[in-house]
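# Fold and geometry: a report
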Amino acid sequence: MNWGTFYAVISGVNRHSTGIGRIWLSVIFIFRILVLVVAAESVWGDEKSGFTCNTQQPGCNSVCYDQFFPISHIRLWALQLILVSTPALLVAMHVAHRRHIDKKILKRSGRTSPKELERVKNQKFQITGALWWTYMISIIFRIIFEVAFLYIFYLIYPDFKMVRLVKCDSYPCPNTVDCFVSRPTEKTIFTVFMLAVSGVCVLLNLAEVVYLISRACKRYFGVSEDESKVAWISQKLSTYRQNEINQLIADHSLKSKFTVTKKSPTERGERCSAF
Amino acid sequence: MSWPALYTQLVGANRHSTSLGKIWLSVLFIFRVMVLVVAAESVWGDEQSDFVCNTLQPGCENVCYDQFFPVSHIRLWCLQLVFVSTPTLLVAMYVAYRNHKDKKRLMQSSGRAGFLSNKGQEEEVEALKKRRLPIAGALWWTYACSLLFRLLFEGGFMYALYVVYDGFQMPRLVQCDQWPCPNLVDCFISRPTEKTIFTVFMATASSICMVLNMAELAYLVAKAVTRALCGQRERRASRDRTQSKTNQRSLVST
């Protein structure tokens, strides 16, 4: 399991994301994971071997490194990226559950042709109802993890700037020794970059929350209950055959409701033109 | 996630590029990413361990290295390649958005105008996914913006490299007097000539990419201008035709 496999797992969720969710996913993979793997890891590669203390006392180097770097930036970022990406799997699980239910319905109605099963597998769900709540919860978890890691980062390394020199007097160092950190400027540049992109991701997540809430409000206040039922039914109906449509019409007596709803003239014109 | 994954993403987005765009992508991945990964990274691999200063003072080498190499060439090039590749994804996002809109329209029109057979609808959706959009209208603007961003990032990073390292040549020796170095010490850089050769190579490849981007931008502008002129000429011709028809009708009626 490596970043490549992780990428394959997470990008499968992309189909059911909003536009902002897809942008967030691209930012995560290109500006954080890719930069971490191709650039940042080599900057921190020699962080322990390049950490030099002005003493010949054995053990002093190790102890001082451990005191000032309880957890390396690279490991913190890797954990942050893993935890921040995984709430998307909540959505994937919900979608898988829905597909399982649909497959069960198909089996019960006796239509188990491979084509129908393929269609159920590739069906794209609207972000409404229970899926909306799952999606919303996953975004909130993302924001919580992102902010929590930023706070942990701030607790361990209060200054985003990497110092060149640290003074250490832990045993077995004989007195207060000067220890020099390797590549502090380069590390500062990458720390600032990664923090900035992390901030951008938090903003994208907040924007997505606002977008989802506004969409839900529009749906709730803008469309009447009957029209929403018609929209839901016409979505379901497009996947059934004609005899089942007739049966459903008979059951729900919706013949009168299959009228053209109010649409703008341009849209009607578009429908009339040859596609 | 690594260079091959980025390559897969960009190749997918490349379908809607012009021929110059496709050449640019090949130059980017063959002459820059591949050279970076297989050659340049090993040249700069021992940059800190082999940075030797003429002193035994602990910490002096670390501090002098940090003073003369605030950002390594390799990291600058990695960031440059990542930033330069991403505007292409703007185009891919716009194409995905257009396909989504058209698919919605298709579903709605088939849903209301009587239920098409599922096979027919699926075929239409597949055709929608496989089609290649002409670079006109909003796509033209998105593509032009992505080219401008590419040029900006390329130029910006080249300028940053030039400013940070005072040119493209790597010196053999630098003199450093930062604390804790006891006095002015000589510090020796490892493989300076090889580093100079690769720096010049990468700068040349970067310039070629900039030239390709500028040529592509000029081509797009020329295409848009010719399309506008042709459109104007056609409109004028059709206006003249309708005018002559009405004149004939009025003559006949009189």
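Nothing here was measured: the structure is a model prediction, and the numbers come from that model.

So, about the interface of chain A and chain B. At the junction of the two partners, chain A supplies 44 residues and chain B supplies 43 residues. Surface buried jointly by chain A and chain B totals about 3800 Å² across both partners, of which 63% is contributed by carbon and sulfur atoms. Summed over the shared surface of chain A and chain B, the result is three salt bridges. Across the salt bridge formed by A:Arg183 and B:Glu47, the nearest N and O atoms sit 3.3 Å from each other. Those elements giving two or more residues to the side of chain A that touches chain B turn out to be helix H1 (3-11), helix H2 (19-43), strand S1 (52-53), helix H6 (114-122), strand S3 (177-180), helix H8 (184-222), helix H10 (242-252) and helix H11 (265-272) of chain A. The element that contributes the greatest number of residues to the side of chain A that touches chain B is H2(A), accounting for 12 residues. Class assignment of the residues belonging to the side of chain A that touches chain B gives a composition of 23 nonpolar, 10 polar and 11 charged.

Here the focus is the UniProt feature "transmembrane region" (unreviewed entry) in chain A. Residue and element names in this part refer to chain A. If you check UniProt for "transmembrane region" (unreviewed entry), the listed places come out as residues 23-40, 77-96, 131-157 and 189-213 in our numbering. Helix makes up 90% of residues 77-96 and strand 0%, whereas the separation of the span's terminal C-alpha atoms amounts to 30 Å. Between the end C-alpha atoms of residues 131-157 the distance is 39 Å, and the span holds 96% helix and 0% strand.

So, about the sheet that holds S3(A). Residue and element names in this part refer to chain A. Taken in spatial order, the three strands make up an open sheet running S1-S3-S2, and their pairing is antiparallel. In the strand order of this sheet, the two ends are held by S1 and strand S2 (165-168), each with one partner. Where S2 and S3 come together, four bridges link them in antiparallel fashion. Within S3, the position partnered with Val-166 by the bridge is Cys-179. Sitting on the sheet, helix H3 (residues 60-68) is in contact with S1, S2 and S3, with an inclination near 110° to S2.

Before going further, it helps to examine a positive patch on the surface. Taken together, A:Arg15, A:Arg22, A:Lys124 and B:Lys104 make up a surface patch of like positive charges. Tracing the chain through its elements places B:Lys104 in helix H5 (residues 87-112).

Cut-offs used in this document
- Residues numbered from 1 in each chain as written.
- Chains lettered and ligands numbered in written order.
- Predicted model: local features only at pLDDT ≥ 70, side-chain atom pairs only at ≥ 80, totals over all residues.
- Heavy atoms only, no water.
- Contact = heavy atoms within 4.5 Å.
- Buried area = accessible area lost by both parts, 1.4 Å probe.
- Salt bridge = Lys/Arg side-chain N within 4 Å of Asp/Glu carboxyl O.
- Helix = DSSP H or I, 4+ residues; strand = E, 2+ residues; numbered from the N terminus.
- Nonpolar A, V, L, I, M, F, W, Y, C, P; charged D, E, K, R; others polar.
- UniProt positions renumbered as here; feature names shortened; annotations may be inferred.
- Pairing = 2+ DSSP bridges.
- Axes fitted to C-alpha atoms, helices over the stretch in contact; angles between N-to-C directions.
- Patch = residues over 30% accessible without salt bridge, like charges linked within 9 Å, V, L, I, M, F, W, Y side chains within 5 Å.
- Areas by Shrake-Rupley, 256 points an atom, 1.4 Å probe, with all protein chains shown as cover.
- Lys, Arg positive; Asp, Glu negative; His and termini not counted.
- Charge placed at Lys NZ, Arg CZ, Asp CG, Glu CD.

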